[in-house]
Amino acid sequence: MHVSAEIRTARDLLERLSNHGDRHLFRFRDGRAFEGWVLEVGESQVLVSSAGPLGSDDPYAVDLDQIDLGTLQYVENGSLVPFAAS
């Protein structure tokens with residue numbers, strides 16, 4: 001199976017993001033916002049759990065190509081921190 005460079009980059013970034021902060025935030029390419037936790041990064045999907053009153057109690061999978069990688073952020077000690085890709 002061929003895995004695109006974009007998907008490999010998304011996996012790497014989301015794996016690193018999952019090790020930062022108390023919560024994770026990003027936008028989907030369709031403009032929807034996500035706030036919660038990146039639990040596990042797979043070959044083509046990421047397992048996430050939502051936060052807040054409208055969040056899901058059950059983890060769910062999101063296709064990696066649906067995430068706007070330029071919007072990755074995390075919360076640490078109550079402050080919102082942009083996630084640097086470097």
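Since we're looking at a predicted model, the values are computed, not measured.

Trainee: Explain the overall build of the protein chain to me, and be specific about the residues and the numbers.
Mentor: Counting its regular elements, the protein chain contains one helix and six strands. Overall, the protein chain shows an N-to-C arrangement of helices and strands of α-β-β-β-β-β-β. Per-residue burial for the protein chain yields a buried fraction of 31% across its 86 residues. Just so you have it, the protein chain exposes about 5300 Å², and 47% of that area is on carbon and sulfur atoms.

Trainee: How would you summarise the nonpolar core if you had to cite specific residues and measurements?
Mentor: Counting 18 residues, the largest nonpolar core has Leu-14, Leu-17, Val-38, Val-46, Ile-67 and Leu-72 as its most contacted members. Residues contacting Leu-72, with those up to four places away along its chain left out, are Leu-13, Leu-14, Leu-17, Leu-25, Phe-26, Ile-67, Pro-82 and Phe-83.

Trainee: Got a sec to walk through helix H1 (residues 5-17)? Specific residues and values, please.
Mentor: With 13 residues, H1 should cover 18 Å at 1.5 Å per step; its first-to-last C-alpha distance of 18 Å lies within 8% of that length. Among the residues of H1, Ile-7, Ala-10, Arg-11, Leu-13, Leu-14 and Leu-17 are the ones counted as buried. Residues of H1 that are buried make contact with strand E1 (23-28), strand E2 (33-41), strand E3 (45-50) and strand E5 (67-76).

Trainee: How would you explain the side chain of Thr-71 if you had to name every residue and give the values?
Mentor: Structurally, Thr-71 can be placed in strand E5. We classify Thr-71 as buried; its relative accessible area is 18%. At 2.7 Å, the side chain of Thr-71 forms a polar contact with the backbone oxygen of Asp-68. For Thr-71, the residues in contact, after removing those within four places along its chain, are Leu-25, Phe-26 and Arg-27.

Cut-offs used in this document
- Residues numbered from 1 in each chain as written.
- Predicted model: local features only at pLDDT ≥ 70, side-chain atom pairs only at ≥ 80, totals over all residues.
- Heavy atoms only, no water.
- Helix = DSSP H or I, 4+ residues; strand = E, 2+ residues; numbered from the N terminus.
- Buried < 20%, exposed > 50% of the residue type's maximum accessible area, 1.4 Å probe, protein only.
- Areas by Shrake-Rupley, 256 points an atom, 1.4 Å probe, with all protein chains shown as cover.
- Core = buried A, V, L, I, M, F, W, Y, C linked by side-chain atoms within 4.5 Å.
- Contact = heavy atoms within 4.5 Å.
- Expected span 1.5 Å × (residues − 1).
- Polar contact = N/O pair within 3.5 Å; in protein donor to acceptor, adjacent residues only side chain to side chain.

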